[in-house]
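Structural description and commentary
Spelled out from the first residue to the last, the chains are:
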Amino acid sequence: MINVLVMSQSSPFDDLNLRDALDMTLIFAAVDQNISWLFSGPAVLALKKNQTPSTIGIKDFFKNIKTLEVYDVENIYVCEKSLLDYGLSKTDLLIDAHAVTFDEQQTLIKKQHHVVTL
């Protein structure tokens, strides 16, 4: 099995990168790859509970993030510093994610066969 890491660093409100990352993660999971997803920077805002993106004219794809569990995508990581920067804690997140330090992120990246940054 190939280890694949999808890294999201863009705001979920700026462009389609996060939706593309979600699609890519689900595709890799469907073909039985060992998929991990790392959220850092403004991308952590995609995991925040109780958002209503329709108020700013964005389709609510955040609810689709909850489907990761159905596809056995369990390796979800979030940058610890990014959580702090945006005033979030793990209890503010839609799904269970492992908070990782910068050093832990580097170790995670080194363990991958492929890294995709969106």
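Check the entry above for the structure.
What comes next is a walk through the structure. (Residues numbered from 1 in each chain as written. Predicted model: local features only at pLDDT ≥ 70, side-chain atom pairs only at ≥ 80, totals over all residues. Heavy atoms only, no water.)

**Re a negative patch on the surface**
Rule in force here: Surface patches are drawn from residues lacking salt bridges whose relative accessible area is over 30%; two like charges belong together within 9 Å, two nonpolar side chains (Val, Leu, Ile, Met, Phe, Trp, Tyr) within 5 Å. For accessible areas, the Shrake-Rupley method is used with a probe of radius 1.4 Å. Any residue's cover is judged against the shown protein chains and nothing else. Between Lys or Arg on one side and Asp or Glu on the other, a salt bridge is scored when a side-chain nitrogen of the former is within 4 Å of a carboxyl oxygen of the latter. The convention is simple: Lys and Arg are positive, Asp and Glu are negative, and His and the chain ends are not counted. Every charge is mapped to an atom, namely NZ of Lys, CZ of Arg, CG of Asp or CD of Glu. Starting at the N terminus, helices and strands are each numbered in turn, a helix being any DSSP run of H or I of at least four residues and a strand any DSSP run of E of at least two. Only protein chains enter the accessibility calculation, which uses a 1.4 Å probe. A residue is then buried if its area is under 20% of the maximum for its type, exposed if over 50%, and partly exposed in between.
Residues D32, E69, D72, E74 and D96 make up a contiguous surface patch of negative charge. Within the element layout of this structure, D72 appears in the loop between α2 (62–65) and β3 (75–79). Judged by relative accessible area, which is 59%, D72 ranks as exposed.

**Remarks on unusual backbone geometry**
Even without a glycine there, the phi angle at D32 is positive, about 55°. Among the residues examined, D32 registers a relative accessible area of 56% and is labelled exposed. One non-glycine residue, D72, lies in positive phi territory at about 60°.

**Quick notes on the nonpolar core**
Among soluble globular proteins, nonpolar side chains are generally buried collectively. The condition that has to hold: By convention a nonpolar core is built from buried Ala, Val, Leu, Ile, Met, Phe, Trp, Tyr and Cys residues, the set being connected through side-chain atoms within 4.5 Å.
Ranked by size, the top nonpolar core spans 26 residues in total, and within it W37, F39, L47, I65, L68, I76 and V78 carry the most contacts. Of all the elements, helix α1 (residues 17–30) adds the most residues to this core, at five residues. Grouped together as the second largest cluster of nonpolar side chains are six residues, M7, L38, Y77 and V100 included.

**Quick notes on the side chain of S82**
Definition in use: Only heavy atoms matter for contacts: two residues are in contact if any of them lie within 4.5 Å across the pair.
With respect to the helices and strands, S82 occurs in helix α3 (residues 80–85). Relative accessible area serves as the criterion here: at 6%, S82 is assigned to the buried category. When near neighbours in sequence (up to four residues on either side) are disregarded, S82 contacts S40, G41 and V44.

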